[in-house]
Amino acid sequence: MSEQGLSTRSLVKRLMLLVGGMFAFGFLLVPIYDVMCQAFGINGKTAGAAWQGSGQTVDMAREIRVQFISSNAEGMQWSFGPQEGEIILHPGETRTVNFLAHNPTDQVMVAQAIPSVAPARAAAFFHKTECFCFTQQVLQPGESIEMPVRFIVDPAIPADVRRLTLAYTLFDVTERMAPSLGLAALHRN
Amino acid sequence: MSAVIDNHADHAHGPAKGLMRWVLTTNHKDIGSMYLWFSFAMFLLGGTLAMVIRAELFQPGLQLVDPGFFNQMTTMHGLIMVFGAVMPAFVGLANWMVPLMIGAPDMALPRMNNFSFWLLPAAFGLLVSTLFMEGGAPNFGWTFYAPLSTTYGPESTTFFIFAIHLAGISSIMGAINIIATILNMRAPGMTLMKMPMFAWTWLITAFLLIAVMPVLAGVVTMMLMDIHFGTSFFSAAGGGDPVLFQHVFWFFGHPEVYIMILPAFGAVSMIIPAFSRKPLFGYTSMVYATGAIAFLSFAVWAHHMFTVGIPLTGQLFFMYATMLIAVPTGVKVFNWATTMFRGSLSFEAPMLFAIAFVILFTIGGFSGLMLAIAPADYQYHDTYFVVAHFHYVLVPGAIFGIFASAYYWLPKWTGYIYDEVLAKTHFWMSFIGMNLAFFPMHFVGLAGMPRRIPDYNMMFANFNMVSSIGAFMFGATQLLFLFIVIKSIRGGKPAPAKPWDGAEGLEWTVPSPAPYHTFSTPPEVK
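Residues numbered from 1 in each chain as written. Chains lettered and ligands numbered in written order. Predicted model: local features only at pLDDT ≥ 70, side-chain atom pairs only at ≥ 80, totals over all residues. Heavy atoms only, no water.

(A) How the structure looks around the overall build of chain A. Per the secondary structure count, chain A includes two helices and nine strands. Taken from N to C terminus, the helices and strands of chain A fall in the order α-β-β-β-β-β-β-β-β-β-α. On C-alpha atoms alone, chain A measures out to a radius of gyration of 23 Å, which is more than a quarter above the 16 Å that the 2.2 N^0.38 rule sets for 189 residues. C-alpha extents for chain A along the principal axes are approximately 75 × 55 × 25 Å. Counting every position in chain A, which comprises 189 residues, the buried fraction comes to 38%. Only carbon and sulfur atoms are counted for the fraction: they give 55% of the accessible area of chain A, which is about 10,000 Å². Here chain A contributes 14 positively and 16 negatively charged side chains, and the mean placements of these two sets differ by 11 Å. (Helix = DSSP H or I, 4+ residues; strand = E, 2+ residues; numbered from the N terminus. Rg over C-alpha atoms; globule rule 2.2 N^0.38 Å. Buried < 20%, exposed > 50% of the residue type's maximum accessible area, 1.4 Å probe, protein only. Areas by Shrake-Rupley, 256 points an atom, 1.4 Å probe, with all protein chains shown as cover. Lys, Arg positive; Asp, Glu negative; His and termini not counted. Charge placed at Lys NZ, Arg CZ, Asp CG, Glu CD.)

(B) The arrangement of the interface of chain B and chain A in detail. Contact with chain B, which involves 38 residues of that partner, is made by 28 residues of chain A. A combined buried area of about 2,700 Å² lies between chain B and chain A, and 74% of that area is made up of carbon and sulfur atoms. Connecting chain B to chain A are zero salt bridges. Across the chain B-chain A interface, the total number found is three residue pairs in polar contact (both at pLDDT 80 or more). (Contact = heavy atoms within 4.5 Å. Buried area = accessible area lost by both parts, 1.4 Å probe. Salt bridge = Lys/Arg side-chain N within 4 Å of Asp/Glu carboxyl O. Polar contact = N/O pair within 3.5 Å; in protein donor to acceptor, adjacent residues only side chain to side chain.)

(C) Region of the structure containing empty space enclosed by the protein. All names here are of chain B. Scanning all chains against the criterion turns up three cavities of 30 Å³ or more. For the lining of the largest cavity, the secondary structure elements donating two or more residues are helix H3 (67-102) and helix H5 (157-184). Examining the composition of the lining of the largest cavity, we find that four residues originate from one element, H3, more than from any other. Partitioned by chemical class, the residues of the lining of the largest cavity number seven nonpolar, two polar and no charged. Lining the second largest cavity are Leu79, Phe83, Ala123, Phe124, Leu127, Phe160, Ala163, Ile164 and Ala167. Elements represented by at least two residues in the lining of the second largest cavity include exactly H3, helix H4 (110-129) and H5. In terms of residue count, the dominant contributor to the lining of the second largest cavity is H5 (four residues). (1 Å grid on protein atoms, 1.4 Å probe; cavity = no way out; pocket = protein on both sides within 12 Å on 5 of 7 lines; lining within 4 Å. Points joined across faces, edges and corners; volume = space filled by probe spheres on them. Nonpolar A, V, L, I, M, F, W, Y, C, P; charged D, E, K, R; others polar.)

(D) Representation of the sheet that holds strand S4 (residues 94-102) of chain A. Residues and elements named next belong to chain A. Read from one edge of the open sheet, four strands run S2-S4-S8-S6, paired in antiparallel fashion. Taken across any chain shown, the strands that pair with only one partner, and hence form the sheet edges, are strand S2 (79-82) and strand S6 (126-131). Taking each pair of neighbouring strands and ignoring which way they run, the sheet shows an average axis angle of 25°. Here four bridges tie S2 to S4, and the two strands are oriented antiparallel to one another. Across the sheet, residue glycine 81 finds its bridge partner in S4, namely leucine 100. (Pairing = 2+ DSSP bridges. Axes fitted to C-alpha atoms, helices over the stretch in contact; angles between N-to-C directions.)

(E) Expanded view of the pairing of strand S5 (residues 109-118) of chain A. Residue and element names in this part refer to chain A. Burial analysis of S5 places seven of its 10 residues in the buried class, which makes it a mostly covered element. Where S5 lies against strand S9 (residues 163-172), eight bridges are found, and the strand directions are antiparallel. Bridge pairing in S9 links isoleucine 114 to threonine 169.

(F) Looking closely at the pairing of strand S1 (residues 64-72) of chain A. Residue and element names in this part refer to chain A. Judged from the four bridges that link them, S1 and strand S3 (residues 86-89) form a sheet pairing that is antiparallel. Across the sheet, residue valine 66 finds its bridge partner in S3, namely isoleucine 87. Where S1 lies against S9, eight bridges are found, and the strand directions are parallel. Paired with valine 66 across the bridge in S9 is leucine 164.

(G) Up close: the nonpolar core. Formed by 190 residues in total, the largest nonpolar core has its most connected members in Phe83 and Phe144 of chain B. The contact partners of phenylalanine 144 of chain B, leaving out residues within four places of it in the chain, are Ser149, Phe160, Leu216, Val219, Val220, Met223, Phe245 and Phe249 of chain B. The next biggest cluster of nonpolar side chains, apart from the first, holds 32 residues, and it includes Ala111, Ala122, Cys131 and Ile157 of chain A. (Core = buried A, V, L, I, M, F, W, Y, C linked by side-chain atoms within 4.5 Å.)

(H) A look at the pattern of salt bridges. Residues and elements named next belong to chain A. Inspection of every chain in the model, using the stated rule, returns eight salt bridges over all chains. Where arginine 95 meets glutamate 93, a salt bridge forms, and the shortest distance between an N and an O atom there is 3.9 Å. Arginine 95 sits in the partly exposed class, given a relative accessible area of 25%.

(I) Seen up close, helix H9 (residues 312-324) of chain B. Residue and element names in this part refer to chain B. In a regular helix each residue adds 1.5 Å, so 13 residues correspond to 18 Å; H9 covers 18 Å between its end C-alpha atoms and thus fits that length. Those residues of H9 that sit buried are Gly314, Gln315, Phe318, Met319, Ala321 and Thr322. Those residues of H9 hidden inside the fold are in contact with helix H10 (326-340), helix H11 (349-372) and helix H12 (374-380). (Expected span 1.5 Å × (residues − 1).)

(J) Up close: the packing of helix H1 (residues 8-40) of chain A against helix H6 (residues 197-228) of chain B. Two numbers describe how H1 of chain A lies on H6 of chain B: the axes approach to 8 Å, and their chain directions differ by 45°. Looking at the two axes, H1 of chain A sits oblique to H6 of chain B. Note that H1 of chain A runs across H6 of chain B; the crossing there is right-handed. Between H1 of chain A and H6 of chain B, the contacting residues are Leu15, Leu18, Val19, Met22, Phe23, Gly26, Phe27 and Val30 of chain A on the first element and Phe207, Ile210, Ala211, Pro214, Val215, Ala217, Gly218, Thr221, Met222 and Met225 of chain B on the second. Here the contact of H1 of chain A with H6 of chain B is built from residues that sort into 15 nonpolar, three polar and no charged. (Parallel < 35°, antiparallel > 145°, perpendicular 65-115°, else oblique. Left-handed = near helix turned anticlockwise from the far one by under 90°.)

(K) Looking closely at the side chain of asparagine 27 of chain B. The residue asparagine 27 of chain B is located in the loop between helix H1 (20-24) and helix H2 (28-56) in this model. Only 2.7 Å separates the side chain of asparagine 27 of chain B from the backbone nitrogen of lysine 29 of chain B, close enough to count as a polar contact.

(L) Representation of H3 of chain B within the structure. Residues and elements named next belong to chain B. The end-to-end C-alpha distance of H3, which contains 36 residues, comes to 50 Å, matching closely the 52 Å that a straight helix rising 1.5 Å per residue would cover. The sharpest bend along H3 measures roughly 35° and falls at methionine 81. Taken across its 36 residues, H3 has 32 buried, putting it largely inside the fold. Following H3 by one or two positions, glycine 103 adopts a phi angle in the positive range, close to 75°. (Bend = angle between axes of the 7 residues up to and from the residue.)

(M) Quick look at the environment of isoleucine 310 of chain B. Residue and element names in this part refer to chain B. Its place among the elements puts isoleucine 310 in the loop between helix H8 (283-296) and H9. Given a relative accessible area of 12%, isoleucine 310 falls into the buried group. Ignoring any residue separated from it by four or fewer positions in sequence, one finds isoleucine 310 in contact with His247, Ala302, Met305 and Gln315.

Structure below.
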């Protein structure tokens, strides 16, 4: 049969190309996943940069309850939490909520907060114009900081969403960020 | 077709002498035998770990092992059975039988064949060695979800990653070899649509392997980089996402379950006609159904992760796509049943295993349909119902398919008829033991017993004791299988070239045991 099809050598070459292609595709799934999450606002992911839109008309007829939750990732020793547990707002209005963080250790530490919105389908309608999660926080030993998040809930949010939750998880990224922030001298045990 | 063709002795030479025969061999029969012995050794090892699990679960409370070790047992049991027992067993069967079925003298790439086998002892030596390391073996389940495996995994995770890399390379090379053999080495006149079903299902399986094993290599490489090189593929702190791990893993993982079952479909599609003394009903539809299952297997992965919070439209898509797979699978079950319908059936051991395969695999398929219902899955997820489901498709599915194949072709391999009474005993003990072990898991699962936990509520005690007794019975019976195989190698009633009167195919035209070299001159296929 071989005289009709490919020679074994070129068949194996093509199959090896397929193997290489699928290996690359595995890695390609990473950006595809990020793009899908961004495009459809799934998985509770909010935009990683400040929202640039404007001119939202405030929908005085609707009220939405926004709750704030904070938690520390494993090994993170900061005390961290919102100043208010929840607020009630109208879609389209800009509101600001402060989160407090305190570094109780005797070391300089760097933290990164990762936001998540529930229900996940509301994430695409939750616009942050300012957020401490866009950057990392560096706190000196014993230092405290007040960190604002300013946001707008889009009036186009589905009508059945009456309550949404903004959750932050605070990660200790000191070791990861130490070289680039000039904290190289710092070593933690 | 019935004449014994291979009898020209002008350049015939037997195997090399001594141990180096097995290290250096490029003969498909030698390599096939080594694959089969290796997979059986892994089957016994993985089974021993399962016995530890069932012994701990014999009674509620913690008796024998501490929970950390229990986690290592569930993880290593899954990894060894999937990558060490089932997959190499089918590659071994393909090595032995595909060249004989299509009239080829050997595999297309014999040296690569040797290399792909010898990677396996390295891979599993590495994996099993983690049991003796400080910090213990991998303990995060065979699905190794991040961040459990990246942030919280034991030190030995790196060894696990390299073991998966090696096993994956071995599988990919085996798959390339099988595709090249089937596409390029068929005897004149053996068109694709005349090929035996086992060759067909393996051709499709090999393409599945080539498509998804590289993705598995990719996902463990990402883990390696997250653990050692400071990347954040799966770490939320650095902008990654643990849910991404599950998507990439199951993109590999779902086709993987068909990799483990499609070759069994093929073998059973040859055994049932042989013992029904009728041709296979609906050969063409069998081929297309296999292709359809393979194709659909790429579009259903998220049904493993309904509860992670995927959008409603996504849940609906994956739910319906999953249910769609029941259609080509139903075609196959219908064809097997119709092949038996009004046939002259006889019930030798291969046929018993094949019939049990059809019935019990269908039960596993039905519980799969229940799990596919997204809203219901919220109750079933991570319970023993899932454990019952995948053991019903893997034990009487893949494993019974392998046993059926082993008994069916054992006379061809050893030259002797195996002991039928012992083989039937092996079947009934396995059948009863396996059902005792796994059927009660449906009930405890529906009642809410979580999987991968060494302790359980008192109310599950009776069912778990039954499960454990069944599992011990099933496990012990496999030593009988070892005895039957060794007995058949050492002697018995000499087997004719075609020991089964209803069997069809080129493999029965060569003498039993099959000579070291067969089809040096291609047979004529009409």
